[in-house]
Amino acid sequence: MTVALKAAETLSRGTRTEVPELSEAAREVRYALITAGLETPLIENNLSRDQKYDRIRSAMTDVVEALGLDLRDDSLCETPHRIAKMYVDEIFSGLDYSTFPKITAIDNKMGVDEMVRVSDISLTSTCEHHFITIDGVATVAYIPAKKVIGLSKINRLVRFFAQRPQVQERLTRQILVALQTLLGTEDVAVSINAAHYCVKARGVMDSTSATQTTALGGAFRSDAKTRAEFLR
Ligand SMILES: Nc1nc2c(ncn2[C@@H]2O[C@H](COP(=O)(O)OP(=O)(O)OP(=O)(O)O)[C@@H](O)[C@H]2O)c(=O)[nH]1
Ligand SMILES: [Zn+2]
């Protein structure tokens, strides 16, 4: 058993020594991702939020100075602070499971057994290779089994995993596995269409291409009609 899997097992059993504030949903999703080999590569460095902020602020001071920019300038002097705060509290906040959204899944008393599909969920993430923006939309669908999830929680889940350094394929699958875990069904589908600014604003400088990724589970994978309905 890998160290990561062992840590997740301890966590899923509810041991209070490590990250005690995590919700049950966050612990279950984290465990499922590690088990599926889909967790973002992370190392526990035991840094608090403030310690992370201090380290990044200091490192960004070096970056700005190395570029030859004058940190005494009143427009630039707060840039290391702004970047550190943005990384920790905003665009990489999804690395911290204590920010996992509060999920309300209700019993499927209505007996809904048709596809629920949320399309055009706006998505902004960060490419983990260049730390530059990924900009796109996600579509998420599921066929309710025992539980129905609050609609906004789907958007929040997408957002949580987008607020990490990502590759689009992993982001797509993380959302899939998280929803399958929370809804207790394999019948989930996720699709993302996004522009990568590492392709658009640098490197190959292609400003028009977009990347489509799809992750299908259960009936969305095995049943052609269901898949077609989702992908239409
Ligand atoms: N599969 C995948 N690749 C990505 C994603 N985001 C960025 N990439 C690619 O990751 C690759 C990194 O390639 P490298 O050759 O190491 O980096 P590079 O020299 O900056 O590459 P260029 O972008 O071609 O200039 C590039 O081809 C990127 O387009 C993603 O979400 N998924
Ligand atoms: Zn990139």
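The protein chain has the name GTP cyclohydrolase 1 in an unreviewed UniProt entry, where Litorivivens lipolytica is given as its organism. Entered under Sequence similarities (unreviewed entry) in the UniProt record, the comment concerning the protein chain runs "Belongs to the GTP cyclohydrolase I family." The Catalytic activity (unreviewed entry) field of the UniProt record for the protein chain holds the comment "GTP + H2O = 7,8-dihydroneopterin 3'-triphosphate + formate + H(+)".

With respect to the site of ligand 1
Surveying the vicinity of ligand 1 reveals the residues Cys 127, His 129, His 130, Val 167, Gln 168, Glu 169, His 196, Cys 198, Val 199, Arg 202 and Gly 203. At 2.9 Å from an oxygen atom of ligand 1 is found a side-chain nitrogen or oxygen belonging to His 129. Measuring from a nitrogen atom of ligand 1, one finds a side-chain N or O atom of His 196 at 3.3 Å. Taken by itself ligand 1 offers 630 Å² of open surface, and the protein chains cover 48% of this. When residues of the shell around ligand 1 are traced back to their parent elements, those giving at least two are helix H6 (168–183) and helix H7 (197–200). Here the shell around ligand 1 is composed, by residue class, of four nonpolar, five polar and two charged.

Brief notes about the UniProt feature "domain: GTP cyclohydrolase I" (unreviewed entry) in the protein chain
Under the local residue numbering, the UniProt record ascribes the feature "domain: GTP cyclohydrolase I" (unreviewed entry) to residues 57–231. Across residues 57–231 one finds 38% helix and 26% strand; the C-alpha atoms that close the span lie 43 Å apart.

Quick word on the pattern of salt bridges
Where side chains of opposite charge bring their charged atoms close, a pairing between them can arise. In the structure shown here, the tally under the stated rule is five salt bridges. Close ionic contact of Arg 164 with Glu 39 constitutes a salt bridge, the shortest N to O distance being 2.9 Å. Here Glu 39 lies in the loop between helix H2 (24–35) and helix H3 (49–66) and Arg 164 lies in the loop between helix H5 (151–162) and strand S5 (165–166), a separation of 125 residues in the sequence. Since its relative accessible area comes to 0%, Arg 164 is described here as buried. On the basis of relative accessible area, Glu 39 is assigned to the buried category, the value being 16%. A salt bridge links Arg 49 to Asp 89, with the shortest nitrogen-to-oxygen separation between them at 2.7 Å. In this pair, Arg 49 is assigned in helix H3 and Asp 89 in helix H4 (residues 79–91), connecting sequence segments 40 residues apart.

Considerations on the UniProt feature "binding site: Zn(2+)" (unreviewed entry) in the protein chain
Taking the numbering used here, the UniProt-annotated feature "binding site: Zn(2+)" (unreviewed entry) corresponds to Cys 127, His 130 and Cys 198. A maximum C-alpha distance of 7.4 Å places the annotated residues, which cover 72 residues in sequence, within one compact spot. Mapped onto the secondary structure, His 130 falls in the loop between strand S2 (116–127) and strand S3 (132–142). Residue His 130 is classed as partly exposed on the basis of its relative accessible area, which comes to 38%. The exposure class assigned to Cys 198 is buried, which follows from its relative accessible area of 11%.

Things to note about the packing of H2 against H6
At their nearest, the axes of H2 and H6 sit 9 Å apart, and the two run at 125 degrees to each other. Here H2 is positioned oblique relative to H6, judged by the angle of their axes. Every pair of crossing elements has a handedness; the one defined by H2 and H6 is right-handed. On H6, the residues touching Ala 25, Glu 28, Val 29, Ala 32 and Leu 33 of H2 are Gln 174, Val 177, Ala 178, Thr 181 and Leu 182. For the contact of H2 with H6, the residue count by class is seven nonpolar, two polar and one charged.

What counts, and where the lines are drawn
- Residues numbered from 1 in each chain as written.
- Chains lettered and ligands numbered in written order.
- Predicted model: local features only at pLDDT ≥ 70, side-chain atom pairs only at ≥ 80, totals over all residues.
- Heavy atoms only, no water.
- UniProt positions renumbered as here; feature names shortened; annotations may be inferred.
- Near = heavy atom within 4 Å.
- Polar contact = N/O pair within 3.5 Å; in protein donor to acceptor, adjacent residues only side chain to side chain.
- Areas by Shrake-Rupley, 256 points an atom, 1.4 Å probe, with all protein chains shown as cover.
- Helix = DSSP H or I, 4+ residues; strand = E, 2+ residues; numbered from the N terminus.
- Nonpolar A, V, L, I, M, F, W, Y, C, P; charged D, E, K, R; others polar.
- Salt bridge = Lys/Arg side-chain N within 4 Å of Asp/Glu carboxyl O.
- Buried < 20%, exposed > 50% of the residue type's maximum accessible area, 1.4 Å probe, protein only.
- Axes fitted to C-alpha atoms, helices over the stretch in contact; angles between N-to-C directions.
- Parallel < 35°, antiparallel > 145°, perpendicular 65-115°, else oblique.
- Left-handed = near helix turned anticlockwise from the far one by under 90°.
- Contact = heavy atoms within 4.5 Å.

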